[in-house]
Amino acid sequence: EITSLPASVEEYEEFFGNALTEARTVVHISSSKDISSAYYNASTAADSFGNVHVIDSGLSSSGLGLMVLRAADMLSKGMRFEELEKDLDQYRKTISVDYIVPSILSTSSKYKGNLIARIMMSTFNLEPSFVIRKGRIRVKRFLFGYVRTTHEEFIRGCFLHKNNIKRKRLIVTFSGCSP
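Residues numbered from 1 in each chain as written. Predicted model: local features only at pLDDT ≥ 70, side-chain atom pairs only at ≥ 80, totals over all residues. Heavy atoms only, no water.

Novice: So what exactly am I meant to see when it comes to the overall build of the chain here?
Specialist: Counting its regular elements, the chain contains six helices and five strands. Every one of the 179 residues in the chain was classed for burial, and the buried ones make up 33%. For the chain, contacts bridging at least 24 residues in sequence account for 61% of all contacts bridging at least 6. Working note: accessible area of the chain is about 11900 Å², and carbon and sulfur atoms make up 54% of it. (Helix = DSSP H or I, 4+ residues; strand = E, 2+ residues; numbered from the N terminus. Buried < 20%, exposed > 50% of the residue type's maximum accessible area, 1.4 Å probe, protein only. Contact = heavy atoms within 4.5 Å. Areas by Shrake-Rupley, 256 points an atom, 1.4 Å probe, with all protein chains shown as cover.)

So, in structure tokens, the structure goes:
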């Protein structure tokens, strides 16, 4: 079973307090508020400070990392926080975060409790691939076959329109697959 817990409000308060010993202002970019409660915890903690700003990235994982890199670059160039929020809102639209999770039936997802979906996916060897759209994880498509073939099809699908991929920063993360 896969579980991930965000930092508590108290942990965020301690983190922000420590960060403010070295900086006058803190900009915290959080994973999507529709995926995790991290945004709400960080926002609640930020209310204790006047100079901590929390931004909902609308993303997770590597997409969140790309947003952080962009923010650091823009802030180092002197961009103000209000401009940064607008810039990141536009930048978010250029980021694609896609996932494939093998053995989805054994994870704690909405499919775990849906018996019909579990039977259909098991019977037809279906593996769902996911994408983050408008801050939420959604099923993008179903792939037919076994784990190795679905991974290869998933990767090909991600690079199907490779001319549209901006190559300045590209993060590909995988686990359990050979290169």
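That shown, we press on.
Novice: Help me out: how do you make sense of the environment of leucine 20 in this one?
Specialist: Looking at where leucine 20 falls in the secondary structure, it is placed in the loop between helix H1 (9-19) and strand E1 (26-30). Spatially, the C-alpha atom of leucine 20 lies 8.6 Å from that of valine 52, the residues being 32 residues apart in sequence.

Novice: I keep staring at the nonpolar core and nothing clicks. Help me out?
Specialist: A general feature of soluble globular proteins is that nonpolar side chains tend to end up buried together. Core analysis: the largest hydrophobic core is formed by 15 residues, its most contacted members being Ile29, Ile55, Leu59, Met67, Leu84, Leu88 and Ile95. For this core, the secondary structure elements donating two or more residues are helix H3 (61-76) and helix H4 (81-92). Take this core: its biggest share by element is five residues, from H3. If we ignore the near neighbours within four places in the chain, the residues touching isoleucine 29 are Ile55, Ser57, Leu64, Met67, Val68, Ala71 and Leu88. Counting residues in hydrophobic clusters, the runner-up holds 12 residues, among them Leu20, Val26, Val52 and Val54. (Core = buried A, V, L, I, M, F, W, Y, C linked by side-chain atoms within 4.5 Å.)

Novice: What's the story with the sheet that holds strand E5 (residues 136-144) in this structure? I'm lost.
Specialist: Hydrogen bonding along the main chain pairs the strands of a sheet, whether they run parallel or antiparallel. In spatial order, the strands read E3-E4-E5; together these three strands make up an open sheet with antiparallel pairing. The strands lining the two open edges of the sheet, one partner per strand, are strand E3 (98-100) and E5. Between one strand axis and the next, the sheet turns through 25° on average, direction left out of account. Pairing geometry for strand E4 (residues 126-133) and E5, over eight bridges, is antiparallel. What sits directly across from leucine 126, in E5, is phenylalanine 144. (Pairing = 2+ DSSP bridges. Axes fitted to C-alpha atoms, helices over the stretch in contact; angles between N-to-C directions.)

Novice: I tried to follow a nonpolar patch on the surface on my own but got confused; where do I start?
Specialist: Together, Ile116, Met120, Phe124 and Phe144 make up an exposed nonpolar region whose accessible area comes to about 460 Å². Inspection of the secondary structure assignment puts phenylalanine 124 in the loop between helix H5 (115-123) and E4. Using a relative accessible area of 47% as the deciding quantity, one classes phenylalanine 124 as partly exposed. (Patch = residues over 30% accessible without salt bridge, like charges linked within 9 Å, V, L, I, M, F, W, Y side chains within 5 Å. Salt bridge = Lys/Arg side-chain N within 4 Å of Asp/Glu carboxyl O.)

Novice: So what exactly am I meant to see when it comes to the packing of aromatic side chains here?
Specialist: Any two aromatic rings considered together are summarised by their centre-to-centre distance and by the angle between their planes. For the coordinates displayed, the defined rule picks out four aromatic pairs. Between phenylalanine 16 and phenylalanine 49 the ring centres are 6.3 Å apart and the planes differ by 90°, which places this aromatic pair in the edge-to-face class. Placement of the pair is phenylalanine 16 in helix H1 and phenylalanine 49 in the loop between helix H2 (38-46) and strand E2 (52-56), with a sequence separation of 33 residues. Taking the relative accessible area as the measure of exposure, phenylalanine 16 reaches 0% and is therefore buried. The exposure class of phenylalanine 49 is partly exposed, given its relative accessible area of 24%. Joined through ring pairs, the aromatic side chains of Tyr12, Phe15, Phe16 and Phe49 make up one cluster. In this structure, arginine 70 packs its charged tip against the face of tyrosine 91, placed 4.7 Å from the ring centre. (Phe/Tyr/Trp six-rings, centres within 6.5 Å; stacked < 30°, edge-to-face > 60°. Lys NZ or Arg CZ within 6 Å of the ring centre and 35° of its normal.)

Honestly, that's just the spatial picture; any functional story needs more than this.
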